[in-house]
Amino acid sequence: MNKDDRSTILVVDDEHGVRQSFNMVLKDEYNVLLAGTGEEMTEIFTKNSVDLILLDILLPDGNGLDLLANLKETDPNVEIIMVTAVNDVQAAVKAIKLGAYEYIIKPFVVDEVLTVIKRAFEKRSLKKEVAYLRNELERYQPFEAMVGQDKKMLEIFDLISTISKSDGTVLIQGESGTGKELVARAIHNRGPRKNNPFVVINCAAIPATLMESEIFGYNRGAFTGASNTSIGKLEISDKGTVFLDDIDSLDINMQAKLLRIIQEKEFERLGSNKIIKVDVRFVAASNKDVNIMISQNKFREDLFYRLNVFPIKLPPLRARKDDIPLLLNHFIKLNAQNSGKPPKKISERAMKVLIDYHWPGNVRELQNLVERLCTITKDIVIRLEDVAPDNVNKTDIKDMTLKEAVSLFEKGYISETLESVSWNRKKTADKLGIHRNTLLAKTTELGLNSLK
Ligand SMILES: Nc1ncnc2c1ncn2[C@@H]1O[C@H](COP(=O)(O)OP(=O)(O)OP(=O)(O)O)[C@@H](O)[C@H]1O
Ligand SMILES: [Mg+2]
């Protein structure tokens with residue numbers, strides 16, 4: 001093995017003879033460094049990358065146990081094996097409690113020393129492997145609640161991991177139901193603020209007149225009806241994250257005030273002059289194209305740039321069709337866990353219709369549909385007739401063009417009829433009151449042939 005690839009062991013013992021014997025035993029397999037005092041050890045330890053230390057409990061300038069605690073604090077990955085001349089079990093037990101891997105008693109038996117060292121290194125590599133696997137697992141399903149395998153989503157997961165470690169503002173844009181709030185929570189939960197509050201300010205739900213008191217809070221008597229002092233959401237979220245949901249709905253005057261807060265990180269409660277400093281991270285979300293709003297003078301450009309330090313654009317579900325089966329199965333599993341019933345299965349044809357569907361309400365619509373299907377479907381299998389046409393969200397038809405709505409209805413109705421007569425084309429055409437050729441043209445146009 002190349003000398004540089006070998007592990008490094010630091011032997012700390014005040015007896016020259018002991019140091020030399022360890023050196024003799026170890027030098028063929030490891031890089032060995034020697035220290036006679038605690039001071040020497042500290043110097044060598046800070047200048048070299050040390051993997052394992054053989055540490056004498058009694059040193060002329062200190063106690064090995066005290067040194068052990070410091071070493072572990074400096075580098076939690078270093079393995080320490082205590083060496084003691086006397087059979088001082090008490091000190092050895094203490095050492096292990098403080099994080100030492102093992103202890104050996106002088107005079108030592110060579111094979112025993114080599115075995116203990118080998119085991120310590122094995123534990124180290126296992127620890128590394130666990131950390132690596134955990135990391136891989138997180139990459140595959142990075143956030144407990146978020147699933148996705150589409151390339152765009154994987155990129156977003158990576159982005160979330162990176163930006164969660166910083167404090168820059170984030171602007172998440174995406175259609176309704178694409179998972180903006182979930183992303184905001186993931187950013188918070190993965191970062192250093194995770195044990196502090198995640199506070200949602202819903203800009204669309206709070207009337208403009210109440211927004212200021214909601215955000216800044218107020219002192220008693222600040223306005224008629226302010227009978228108590230109330231702490232605003234900014235103060236509550238100190239050291240945490242503020243999620244400004246539907247930021248596009250924020251009144252233009254409030255936009256200016258918000259800009260100031262993001263810049264200065266300070267504000268006053270209504271009816272008070274006292275400046276309150278806060279340490280918050282801002283994450284905003286919008287399902288509108290904010291750039292268009294800027295061009296219409298409905299959104300301040302300077303605020304946009306302040307928020308858009310880290311932009312995240314969530315693609316609509318129809319642009320990541322690979323995720324549809326994954327999400328369907330994810331929600332079916334969740335539903336089964338909650339209801340205590342076995343998870344439903346989806347027939348191939350039903351799956352095909354769901355993958356083809358354009359999901360105007362995105363993941364939320366899909367989640368609601370699964371909820372409904374799991375409740376109303378008696379059979380363990382969810383079939384084509386269960387998903388079309390009525391059960392695919394009727395209310396969302398309002399977002400479609402007439403042509404899209406008609407196609408969706410036709411597709412559901414024709415496939416249902418086909419299904420009812422076991423895909424006998426003639427019987428279907430008869431039932432529908434159309435010619436067989438018309439049926440053929442329709443099934444081709446609607447992509448129904450591939451379902452059979
Ligand atoms: N990738 C995903 N994996 C699992 N569940 C998801 C995913 N994306 C969204 N969801 C779920 O879909 C629902 C809608 O997500 P969320 O509330 O985050 O969307 P949104 O973009 O904030 O929607 P809106 O604009 O309507 O507020 C939630 O129940 C959320 O848990
Ligand atoms: Mg939302």
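Rules used in this analysis
- Residues numbered from 1 in each chain as written.
- Chains lettered and ligands numbered in written order.
- Predicted model: local features only at pLDDT ≥ 70, side-chain atom pairs only at ≥ 80, totals over all residues.
- Heavy atoms only, no water.
- Domains from an automatic or database assignment.
- Near = heavy atom within 4 Å.
- Polar contact = N/O pair within 3.5 Å; in protein donor to acceptor, adjacent residues only side chain to side chain.
- Areas by Shrake-Rupley, 256 points an atom, 1.4 Å probe, with all protein chains shown as cover.
- Helix = DSSP H or I, 4+ residues; strand = E, 2+ residues; numbered from the N terminus.
- Salt bridge = Lys/Arg side-chain N within 4 Å of Asp/Glu carboxyl O.
- Buried < 20%, exposed > 50% of the residue type's maximum accessible area, 1.4 Å probe, protein only.
- 1 Å grid on protein atoms, 1.4 Å probe; cavity = no way out; pocket = protein on both sides within 12 Å on 5 of 7 lines; lining within 4 Å.
- Points joined across faces, edges and corners; volume = space filled by probe spheres on them.
- Nonpolar A, V, L, I, M, F, W, Y, C, P; charged D, E, K, R; others polar.
- Contact = heavy atoms within 4.5 Å.
- Pairing = 2+ DSSP bridges.
- Axes fitted to C-alpha atoms, helices over the stretch in contact; angles between N-to-C directions.
- Core = buried A, V, L, I, M, F, W, Y, C linked by side-chain atoms within 4.5 Å.
- Phe/Tyr/Trp six-rings, centres within 6.5 Å; stacked < 30°, edge-to-face > 60°.

### Focus: the domain arrangement of the protein
The domain boundaries assigned to the protein delineate domain 1 (3–135), domain 2 (151–315) and domain 3 (318–451). A separation of 51 Å is found between the C-alpha centroids of domain 1 and domain 2.

### Here's the deal with the site of ligand 1
What surrounds ligand 1 is a group of 18 residues, the closest being Ser176, Gly177, Lys180, Arg364 and Gln367. Separating an oxygen atom of ligand 1 from a backbone N or O atom of Gly177 is a distance of 2.9 Å. Within the side chain of Gln367, one N or O atom sits 2.6 Å away from an oxygen atom of ligand 1. Protein contacts shield 86% of the accessible area of ligand 1, which totals 630 Å² for the unbound molecule. If you list the elements that add at least two residues to the shell around ligand 1, you get helix 7 (180–190), helix 13 (323–339) and helix 15 (362–376).

### With respect to the pattern of salt bridges
One pass over the structure, following the stated rule, counts 27 salt bridges. Between Asp51 and Arg124 there is a salt bridge, with the nearest N and O atoms lying 2.9 Å from each other. Here the residue Asp51 occupies a position in the loop between helix 2 (38–47) and strand 3 (52–56), and Arg124 occupies one in helix 5 (residues 110–140), the gap between them amounting to 73 residues. The buried category is assigned to Asp51, whose relative accessible area is 13%. The buried category is assigned to Arg124, whose relative accessible area is 15%. Across the salt bridge formed by Arg119 and Glu102, the nearest N and O atoms sit 3.7 Å from each other.

### Some remarks on the layout of surface pockets
The volume enclosed by the largest pocket comes to roughly 520 Å³. Gly177, Gly179, Lys180, Leu182 and Arg364 are, among the 24 residues lining the largest pocket, the residues nearest its centre. Of all the secondary-structure elements, those providing two or more residues to the lining of the largest pocket are helix 7, strand 12 (241–245), helix 13 and helix 15. Grouping the amino acids of the lining of the largest pocket by side-chain chemistry returns 10 nonpolar, seven polar and seven charged. Structurally, the lining of the largest pocket is a two-domain feature, drawing no fewer than three residues from each of domain 2 (151–315) and domain 3 (318–451).

### Thoughts on the side chain of His188
Position of His188 among the secondary structure elements: in helix 7. A polar atom in the side chain of His188 sits 2.6 Å from the side chain of Thr241. With residues near it in sequence (within four places) discarded, His188 still touches Arg193, Lys194, Asn196, Pro197, Phe198, Gly240 and Thr241.

### Concerning the sheet that holds strand 1 (residues 8–12)
Strand order in the open sheet formed by five strands is 2-1-3-6-7, with parallel pairing between adjacent strands. Because the sheet does not close on itself, it has two edges, and the strands there are strand 2 (31–35) and strand 7 (102–105). Across the sheet, the mean angle from the axis of one strand to that of its neighbour is 20 degrees, orientation sign disregarded. With four bridges joining them, strand 1 and strand 3 adopt parallel strand pairing. Within strand 3, the residue paired with Ile9 across the bridge is Leu52. Relative to strand 2, helix 1 (residues 16–26) is tilted by about 175 degrees, and along the sheet it contacts strand 1, strand 2, strand 3, strand 6 (79–84) and strand 7. Contacting strand 1, strand 2 and strand 3, helix 2 runs over the sheet at an angle of about 145 degrees to strand 2.

### Some words on the environment of Asp51
When the C-alpha positions of Asp51 and Phe310 are compared, they lie 39 Å apart, and in sequence the two are 259 residues distant. With residues near it in sequence (within four places) discarded, Asp51 still touches Ser7, Thr8, Asn77, Val78, Glu79, Phe121 and Arg124. Separated by 2.9 Å, the side chains of Asp51 and Arg124 make a polar contact.

### A closer look at helix 8 (residues 208–216)
Among all positions in helix 8, only Met211, Ser213, Ile215 and Phe216 are buried. If you follow the buried residues of helix 8, they end up packed against strand 9 (198–202), strand 10 (217–218), helix 9 (233–236), helix 10 (252–264) and strand 13 (266–268). The first or second residue beyond helix 8 is Gly217, which carries a positive phi of 75 degrees.

### Some thoughts on the nonpolar core
Judged by nonpolar contacts, the single largest core of 32 residues is most densely connected at Leu328, Ile346, Trp359, Leu366 and Val387. Of all the secondary-structure elements, those providing two or more residues to this core are helix 13, helix 14 (348–356), helix 15, helix 16 (384–387) and helix 17 (402–420). The element contributing the most residues to this core is helix 15, with six residues. With 30 residues, the next largest nonpolar core counts Leu171, Cys203, Ile262 and Val290 among its residues.

### Side note on the sheet that holds strand 8 (residues 170–173)
Neighbouring strands of a sheet are bound in pairs by backbone hydrogen bonds; such pairs are parallel or else antiparallel. An order of 9-12-15-8-16 is seen for the five strands of this open sheet, with the pairing classed as parallel. Where the open sheet ends on each side, the last strands, each with one partner, are strand 9 and strand 16 (310–313). Put simply, the sheet's adjacent strands are angled 20 degrees from each other on average, direction ignored. Contacts between helix 6 (residues 151–164) and the sheet are confined to strand 8, strand 15 (281–286) and strand 16, with strand 16 contributing the most and set at about 155 degrees to the helix.

### Observations regarding the packing of aromatic side chains
One pass over the full model with this rule turns up eight aromatic pairs. Measuring from ring centre to ring centre gives 5.5 Å for Phe409 and Tyr413, while their planes differ by 10 degrees; the resulting arrangement is stacked. With Phe409 and Tyr413 both in helix 17 and four residues apart, this pair spans about one turn of that helix. Of the residues examined, Tyr413 reaches a relative accessible area of 43% and is grouped as partly exposed.

### Re the pairing of strand 15
With six of its six residues buried, strand 15 lies for the most part within the structure. Here strand 15 shows a buried face lined by Arg281, Val283 and Ala285 and a second buried face lined by Phe282, Ala284 and Ser286. Pairing analysis gives four bridges linking strand 8 to strand 15, with the strands arranged parallel. The residue bridging Gln173 from the neighbouring strand is Ser286, located in strand 15.

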